[in-house]
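Topology and contacts: notes
Given next are the chains, with one letter for each unit.
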Amino acid sequence: MKLKLNSIKEEKAAWEAAGVKLPEYDIEGVRAKTAEAPEWIHFGAGNIFRGFIAGIADKLIGEGLMTTGIVATDSFDGEIIDKIYYPYDLLTLSVGLRPDGKSDKAVTAGIGAALAADAAHFDELKRYAAAPSLKMVSFTITEKGYACTDIAGNVIPFVEKDIKEGPQNPSTALGIVTALLYERYSAGRLPLALVSMDNCSQNGRKLRDGILFVAKKWVKRGFMEEGFIEYISDEETVSFPWSMIDKITPRPDEGIAKELGELGIEDMNPIITARNTFIAPFVNAEIPQYLVIEDRFPNGRPPLEKAGVYMTDRDTVNKAEKMKVMTCLNPLHTALAVCGCLLGFNRISDEMKDDDLRSLVYKLGDEGMPVVVSPGIISPDDFIREVLEERLPNPYIPDTPQRIATDTSQKVSIRFGETIKGYKLKDECDKMEIIPFVIAAWLRYLIGVDDEGKEMNLSPDPMMDVLQSAMEGIRLGNTDSDMSGINWIMNGEELFGVKLRDAGDIESKIYKYFREMLKGPGAVRTTLHNLVNPS
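Attention here is on the structure that accompanies the text. (Residues numbered from 1 in each chain as written. Predicted model: local features only at pLDDT ≥ 70, side-chain atom pairs only at ≥ 80, totals over all residues. Heavy atoms only, no water.)

A short note on the packing of helix α12 (residues 314-328) against helix α13 (residues 330-343)
Working note: a packed helix pair is described by the angle between its axes plus the distance between those axes. Where α12 meets α13, the closest approach of the two axes is 4 Å, and the angle between their N-to-C directions is 25°. When the axes of α12 and α13 are compared, the pair comes out roughly parallel. Facing α12, whose interface residues are Lys324, Val325, Met326, Thr327 and Cys328, α13 presents Asn330, Pro331 and Leu332. (Axes fitted to C-alpha atoms, helices over the stretch in contact; angles between N-to-C directions. Helix = DSSP H or I, 4+ residues; strand = E, 2+ residues; numbered from the N terminus. Parallel < 35°, antiparallel > 145°, perpendicular 65-115°, else oblique. Contact = heavy atoms within 4.5 Å.)

See below:
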């Protein structure tokens, strides 16, 4: 069996015997309608999109609630379109991993078309963007995809290049989308919703700010009409709904590829692209998934709620996002990531078997709860219980601390800074113990030496050069090292969203834990153990 249209038709019995659910609708018919009257474009064609968002479309199509698929595109890594989309007829083999070792396997076909967002396909993208039928453009381009300036306020070089060269051939996601919106403006100021589904605070605002940043520069340079700014500023015409998304979707695991091969499903091996994207014909992910979206769609929308999406107001989305990102999942992930790398772990689930680490994340959750406001649609207590008892310990989720540690500098402001702000408002910063430890552990991680004293590879981070420069001269075993660089990191408001020196004694606690972890090999473990096992 191969993940191809002819195989799922002609070898249907074999697929079903392998326990794989197949689409029961007219896939070619859906793709023809997608080409004629597209309704949904998505930027960011990686694993979370294929394993979750495209599955929403697949479900709605299967129930007769949508007649078109999603047009998938990618501005960062077009190689995944060439190597994972086209060779497998735009199909995805979704593998949902249960804690008991069983898996839910299904072929999904919610992707109606796919193309790289590059110069060769720009005219085709413009045609899709100008279609009156288009209702929404969604995004999973990671938080750094929305950045126009660096921490010092300088325009990022790729964005600067787009601004100078204009909308004819932009290379960044923000530049491309701004150019596509201008096509829609020129076609008659057609309405549209642009929905960030990225895992970051107030994602809709970040997307809107980024697009307006580029648009204003282009208008000033004479590339676009003044009326374009008015068009994208009017949220009754062009909206930017906020959202909260949650589904742990690790890199594809070679062990799962082997299991699929043993079932008779061929060519399942993962690949790593030239841009270091880990991807495969299948997506392995956990079963639980959450998507909460602000219901503002000027040109209508698919009935997303019929596929389990919470459609609500902005305030509820904001509370749900803060619940998850500030307390109930993401801070726990970051704590396990940096500590796991330091202590030599390669699986998140293995960390949850470690008494000290398990106690750390339970205590971290407890520390965040006093500043959580329930969104109403989801119980914070139930959510974090599921995370701690079912999701993180799931031994069949092949997730790694090294993956979660990626781009930590872009995450600490919401994962820890917002909780610190909450405590600061209550004038109770002195009650925090776990968050200062985790921040100190991140600083210890940045040295690039594990708890055994061995050099370790650090995960990619757009600020890594700056951060490591600040850590220069600090050595394991030398607690008298110059700490001025750490002082800069801790009090950069751009990083944490708050100056830590203004938050009670949190700064002194971070220094204390950092110095303890710097004493020598084994000091991270000792500091962690003493923290979670107070005498």
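Details of the pattern of salt bridges
Applying the stated rule across the entire model yields 35 salt bridges. The shortest N-O distance in the salt bridge between Arg296 and Glu294 comes to 4.0 Å. We classify Arg296 as partly exposed; its relative accessible area is 26%. Where Lys353 meets Asp350, a salt bridge forms, and the shortest distance between an N and an O atom there is 3.5 Å. Overall, the relative accessible area of 58% leaves Lys353 in the exposed class. Classification of Asp350 by relative accessible area gives partly exposed; the value is 32%. (Salt bridge = Lys/Arg side-chain N within 4 Å of Asp/Glu carboxyl O. Buried < 20%, exposed > 50% of the residue type's maximum accessible area, 1.4 Å probe, protein only.)

Brief notes about unusual backbone geometry
In this structure, Leu90 takes a positive phi of about 65° despite not being glycine. Among the secondary structure elements, Leu90 is positioned in the loop between α5 (79-85) and β4 (92-97). Even without being glycine, Arg189 reaches a positive phi, approximately 50°. On the secondary structure map, Arg189 appears in the loop between α8 (173-186) and β8 (192-196).

Brief notes about the nonpolar core
Tyr85, Leu93, Leu360, Phe437, Trp442, Leu443 and Phe514 are the most contacted members of the largest nonpolar core, which has 144 residues in total. Ranked by residue count, the leading element in this core is helix α19 (residues 434-445), at 10 residues. Sequence-distant contacts of Tyr85, defined by excluding residues within four places in its chain, comprise Ala45, Phe49, Arg50, Ala72, Ile80, Leu90, Ile111 and Ala114. Core analysis: the second largest hydrophobic core is formed by 44 residues, Val137, Ile163, Leu180 and Phe240 among them. (Core = buried A, V, L, I, M, F, W, Y, C linked by side-chain atoms within 4.5 Å.)

Observations concerning the sheet that holds strand β1 (residues 20-21)
If you walk across this open sheet you meet the 4 strands as β1-β5-β4-β13, and the pairing is mixed. Each having just a single partner strand, β1 and β13 (282-286) make up the two edges of the open sheet. Sheet analysis places β4 next to β13, joined by 5 bridges and oriented parallel. In the strand pairing of β13, Leu97 is matched with Glu286. (Pairing = 2+ DSSP bridges.)

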